[in-house]
Amino acid sequence: MNELPLIQTADLKQHFPLHKGLFGGQGPVIRAVDGVSIDIPRRSVLGLVGESGSGKSTLGRAIMGLSRPTAGTMTFDGIDMARASSSELKSLRRRMQMVFQDPFSSLNPRMSIAETLSVPLRFHNPGLSRSRRKDRAAEMLERVGLPGQYISRFPHEFSGGQRQRIGIARALIVQPDFIMADEVVSALDVSVQAQVLNLFGRLQRDLELTMLFITHDLAVVGHISDFVAVMYLGRVVEFASTRELFSNPRHPYTEALLSAAPSPKSANRRKRIVLKGDIPSPLNPPSGCQFRTRCPYAVEDCSHEVPKLRELSPEHKAACIRDDLSLAPATQQ
Amino acid sequence: MTRVLTVENLNIGFRSEGRELPVVHDVSFTLEAGKTLALVGESGSGKSVTSLGIMRLLPPPPQSRARGKIILHSDEDIDLLSISEARMRRLRGDRIAMIFQEPLTSLNPVYTIGDQIIEAIRSHRAISARKARERAVELIDQVGIPDAAARLTTYPHELSGGMRQRIMIAIALALEPEILIADEPTTALDVTVQAQIIDLLRRLQAETGMAMLFITHDFGVVADIADRTIVMYAGQMVEHGQTEAVLETPLMPYTSGLMRAVPELETAGLNQGELQSIEGFVPNPASLPNGCAFHPRCTHTLSGICDVPPVPFEDAGNGHLVRCKRWQSILENAE
Ligand SMILES: Nc1ncnc2c1ncn2[C@@H]1O[C@H](COP(=O)(O)OP(=O)(O)OP(=O)(O)O)[C@@H](O)[C@H]1O
Ligand SMILES: Nc1ncnc2c1ncn2[C@@H]1O[C@H](COP(=O)(O)OP(=O)(O)O)[C@@H](O)[C@H]1O
Ligand code: SF4
Ligand code: SF4
Ligand SMILES: [Mg+2]
Ligand SMILES: [Mg+2]
């Protein structure tokens, strides 16, 4: 069975010129996303991890069609977004929805929850009567674990976790196929984070959603994702099924991220790799392997050319020239 | 073991609409030289208010009021709650220093980092500008920033988040304080940089013998840095003990609930099903539930017992303290 992945990017690039063509010439460019080719299989969750500034949100925005990519293609259900007709685009805008990090700033404080949830419905289902819209809003609210009668309340009457549920309801009310969630649990307390993660997991299974789940929290990614992509300076350096990535990392950067992630279970038992320095500026990335300035295993050859994201086994790709390394897993064997 | 600070029955309240709302209830602990005590809890549990109370950085009375004792031990014992503001100002930075979550808000954007370190030194010590400058270079070097001398002339916005936090640590340690209070110093940083900062703090502690009060909401970080741990809930200490004891045999249902709510790195990708969440919300500290403050959310609640005060903070053995009326029967049932 070879089903077409719902999302496919091919050599996707998103560059930002630093100061726009002062003399019409080419100024310095920030290569926020620099050649990303990934597939997200239908009904699966792809977790995207990497340090701050690695390009996760920029890639997410390019996938959502919120920015015009500098190069490369983004295909949704076989439709190339750059060549889609306006009616195709309108349908794509319904089928692809987002949930944001900060539920408060993304909700209009002057709109009741009923109004907030009706806006996307009015746009995408104009035929729906006012009372049907209200029913749908109340149903959706219960689906995300809030009492239906809360639809007449306003955002300030809700806690952070509840507002995040409303953000999820707003994304789901138009029955999308795909959800991009960017740092959606990062601002939440641990006990509430668990409630929201469980809700995401349940809805994803019940509604057969495909998801891009962006976070810097490796334990969260390990819990919710079927596949994980690790980004460094605008590139995907490793891609694997979740279990494979955590138990058999093949890129030194992944190993370093796993070893730095704090865990109450194995703090003293794991090998600890403390990387030197910060992530380099995307304006002036190192030649060859971009990770080499911080990589504990770098050798002379690493500076020559950018390592390709190579397939090491089905469902596992990594961009490192060294196959002789045995890297430490996060999991207890 | 040298005790450097004793906090005894610290109570802190804020004035609101004409009455005082208590937000920190009877907090007591000691800090020892060369050791780290972690204060863990969800947001609003009173961690920052406790640490600001110790530093006397809360709004002045009547807006806020702190009661109890905060004893700084040295040749003589000094109760920080009863000394003058002028005397407190001399101790702050010199004997007790503090670093915060967001270093950019505590660094002044218009001065170079060199000026800020030198000012921190010279405001407490009568030494020459040249000597202070030498010390600044030494400190920048000590916190692991390369090219220390050249860095003196850089401004905060030219540095990454991790570097700014290193500079804050350099300023905090400039006068070799006996106590460092760190309020979520790594929460805003990437895990890789967090690991660097934790390593740095541990190394500096080994070198200087300072005592640390480390505030965090992350049990993984606790495991990495703390000798002893206090868990706070709604302004109260609910568990306190050796870090291994608290993490391996948590006795308070809130502590074990929090630990189960975090996904585990070790079982990533194994399809562990749902996380065990704690239902409901942290109560407002101004209107705590009767009896055990956790009882409306606890899966072990017994009515007639858990909702009846007082709930003593009991020693379960080996100095492992727990505020739960049912810890013994819960432990027996688990075994
Ligand atoms: N509109 C823009 N103009 C210029 N540079 C940009 C723009 N958007 C992003 N960048 C740069 O692109 C790089 C990637 O940024 P991005 O926000 O995608 O990172 P991220 O991985 O989402 O980080 P975080 O974890 O902090 O959210 C950064 O260097 C950022 O400064
Ligand atoms: N300046 C203040 N005035 C009134 N209430 C405050 C003030 N600062 C904190 N609080 C309240 O005190 C409680 C504890 O807050 P805090 O110590 O900041 O929590 P934590 O650091 O554990 O997240 C919260 O309910 C908070 O709203
Ligand atoms: S290619 Fe070289 S520098 Fe890059 S990750 Fe592999 S070993 Fe490290
Ligand atoms: S006292 Fe009762 S409600 Fe409180 S933690 Fe213990 S068992 Fe739970
Ligand atoms: Mg981002
Ligand atoms: Mg705080």
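Computed from a predicted structure; not experimentally measured. (Residues numbered from 1 in each chain as written. Chains lettered and ligands numbered in written order. Predicted model: local features only at pLDDT ≥ 70, side-chain atom pairs only at ≥ 80, totals over all residues. Heavy atoms only, no water.)

Enquirer: Explain the layout of surface pockets here, please?
Expert: Here the idea is plain: a probe the size of a water molecule rolls over the atoms and shows the empty space left. All names here are of chain A. For the second largest pocket, the calculated volume is near 790 Å³. Forming the boundary of the second largest pocket are 33 residues, of which Met64, Gly65, Leu66, Arg93 and Met96 lie nearest the centre. Contributions of two or more residues to the lining of the second largest pocket are made by strand 5 (71-76), helix 2 (86-95), strand 7 (96-99), helix 3 (113-124) and helix 5 (160-172). Here the lining of the second largest pocket takes five residues from helix 3, the largest share from any one element. (1 Å grid on protein atoms, 1.4 Å probe; cavity = no way out; pocket = protein on both sides within 12 Å on 5 of 7 lines; lining within 4 Å. Points joined across faces, edges and corners; volume = space filled by probe spheres on them. Helix = DSSP H or I, 4+ residues; strand = E, 2+ residues; numbered from the N terminus.)

Enquirer: Even after reading the chapter, I still don't get the sheet that holds strand 10 (residues 236-242) of chain B, so can you show me in this structure?
Expert: Adjacent strands of a sheet pair through backbone hydrogen bonds, lying either parallel or antiparallel. Residue and element names in this part refer to chain B. The strand order across the open sheet formed by eight strands is 6-7-8-3-9-10-12-11, and the pairing between neighbours is mixed. Each edge of the sheet is formed by a strand with only one pairing partner; in this case those strands are strand 6 (96-99) and strand 11 (314-315). In the sheet, strand 3 (residues 36-40) pairs with strand 9 (residues 228-233) via four bridges, with the strands oriented parallel. The residue bridging leucine 39 from the neighbouring strand is isoleucine 230, located in strand 9. (Pairing = 2+ DSSP bridges.)

Enquirer: Which parts of the structure should I look at to understand the interface of chain B and chain A?
Expert: Note: interface size is frequently given as the accessible area lost on complex formation between the parts. Every contact between the two is made by 41 residues of chain B and, on the other side, 45 residues of chain A. Between chain B and chain A lies a buried interface of about 3600 Å² when both sides are counted; carbon and sulfur atoms form 56% of it. Per-residue buried area on chain B facing chain A is highest for Thr192, Leu265 and Glu266 of chain B; these three make up 20% of the total on that side. Taken together, the connections running from chain B to chain A amount to two salt bridges. For the pair chain B and chain A, the interface holds 12 residue pairs in polar contact (both at pLDDT 80 or more). When residues of the side of chain B that touches chain A are traced back to their parent elements, those giving at least two are helix 8 (191-208), helix 9 (219-225) and helix 11 (253-261) of chain B. Ranked by residues supplied to the side of chain B that touches chain A, first place goes to helix 8 of chain B with seven residues. Taken together, the residues of the side of chain B that touches chain A break down into 19 nonpolar, 12 polar and 10 charged. (Contact = heavy atoms within 4.5 Å. Buried area = accessible area lost by both parts, 1.4 Å probe. Salt bridge = Lys/Arg side-chain N within 4 Å of Asp/Glu carboxyl O. Polar contact = N/O pair within 3.5 Å; in protein donor to acceptor, adjacent residues only side chain to side chain. Nonpolar A, V, L, I, M, F, W, Y, C, P; charged D, E, K, R; others polar.)

Enquirer: Mind showing me how you'd approach the site of ligand 3 here?
Expert: Residues and elements named next belong to chain A. Lining the immediate environment of ligand 3, one finds 13 residues, of which Cys289, Arg292, Cys295, Cys302 and Cys320 sit closest. In this structure the site holding ligand 3 corresponds to the second largest cavity. In terms of residue class, the shell around ligand 3 is built from 10 nonpolar, one polar and two charged. (Near = heavy atom within 4 Å. Sits in = over half its atoms within 2 Å of the grid points.)

Enquirer: It is not clear to me how the pairing of strand 10 of chain B should be interpreted in this structure. Could you clarify?
Expert: Looking along a regular strand, one sees the side chains alternate between the two faces of the sheet. Residue and element names in this part refer to chain B. For strand 10, a buried count of six out of seven residues is recorded, marking the element as mostly surrounded by other parts of the structure. Where strand 9 hands over to strand 10, the hairpin turn is made up of two residues, of which alanine 234 adopts a positive phi near 50°. Judged from the two bridges that link them, strand 10 and strand 12 (residues 321-322) form a sheet pairing that is antiparallel. Note on strand 12: the bridge partner recorded for histidine 240 is leucine 321. (Buried < 20%, exposed > 50% of the residue type's maximum accessible area, 1.4 Å probe, protein only.)

Enquirer: What should I look at first to understand the pattern of salt bridges in this one?
Expert: When the charged atoms of two side chains with opposite charge come close together, those side chains can pair. All told, the structure shown has 28 salt bridges over all chains when counted by the stated rule. Here arginine 294 of chain A ties to glutamate 51 of chain A by a salt bridge, and the two come within 3.1 Å at their closest N and O atoms. Taken as a pair, arginine 294 of chain A in the loop between helix 9 (252-260) and strand 12 (310-313) and glutamate 51 of chain A in the loop between strand 4 (45-49) and helix 1 (56-63) lie far apart in primary sequence, 243 residues in all. Of the two residues, arginine 294 of chain A and glutamate 51 of chain A, neither departs from the other in class, the shared state being buried. As a salt-bridge pair, arginine 205 of chain A and glutamate 274 of chain B come within 3.9 Å of each other at their nearest N and O atoms.

Enquirer: Please clarify how the domain arrangement of chain B should be interpreted in this entry.
Expert: Residue and element names in this part refer to chain B. Annotation of chain B at the domain level lists domain 1 (3-95 + 177-266 + 274-282) and domain 2 (108-175). A separation of 26 Å is found between the C-alpha centroids of domain 1 and domain 2. Contact residues are listed per partner, giving 18 residues for domain 1 and 13 residues for domain 2. Both sides together, the interface formed by domain 1 and domain 2 hides about 1200 Å², and carbon and sulfur atoms give 64% of it. (Domains from an automatic or database assignment.)

Enquirer: Could you clarify how one ought to interpret unusual backbone geometry in this entry?
Expert: Note on backbone geometry: most residues besides glycine have negative phi, and most peptide bonds are trans. Note that the residue after proline 61 of chain B, namely proline 62 of chain B, is joined by a cis bond; omega there is 5°. By secondary structure assignment, the location of proline 62 of chain B is in the loop between helix 1 (47-55) and strand 4 (64-73). Of note in the backbone geometry, aspartate 77 of chain A takes a positive phi value of approximately 50° without being a glycine. Along the chain, aspartate 77 of chain A turns up in the loop between strand 5 and strand 6 (79-80). In this structure, glutamate 183 of chain A is a non-glycine residue whose phi angle is positive, near 55°. Within the secondary structure, glutamate 183 of chain A is located in the loop between strand 8 (178-182) and helix 6 (190-206).

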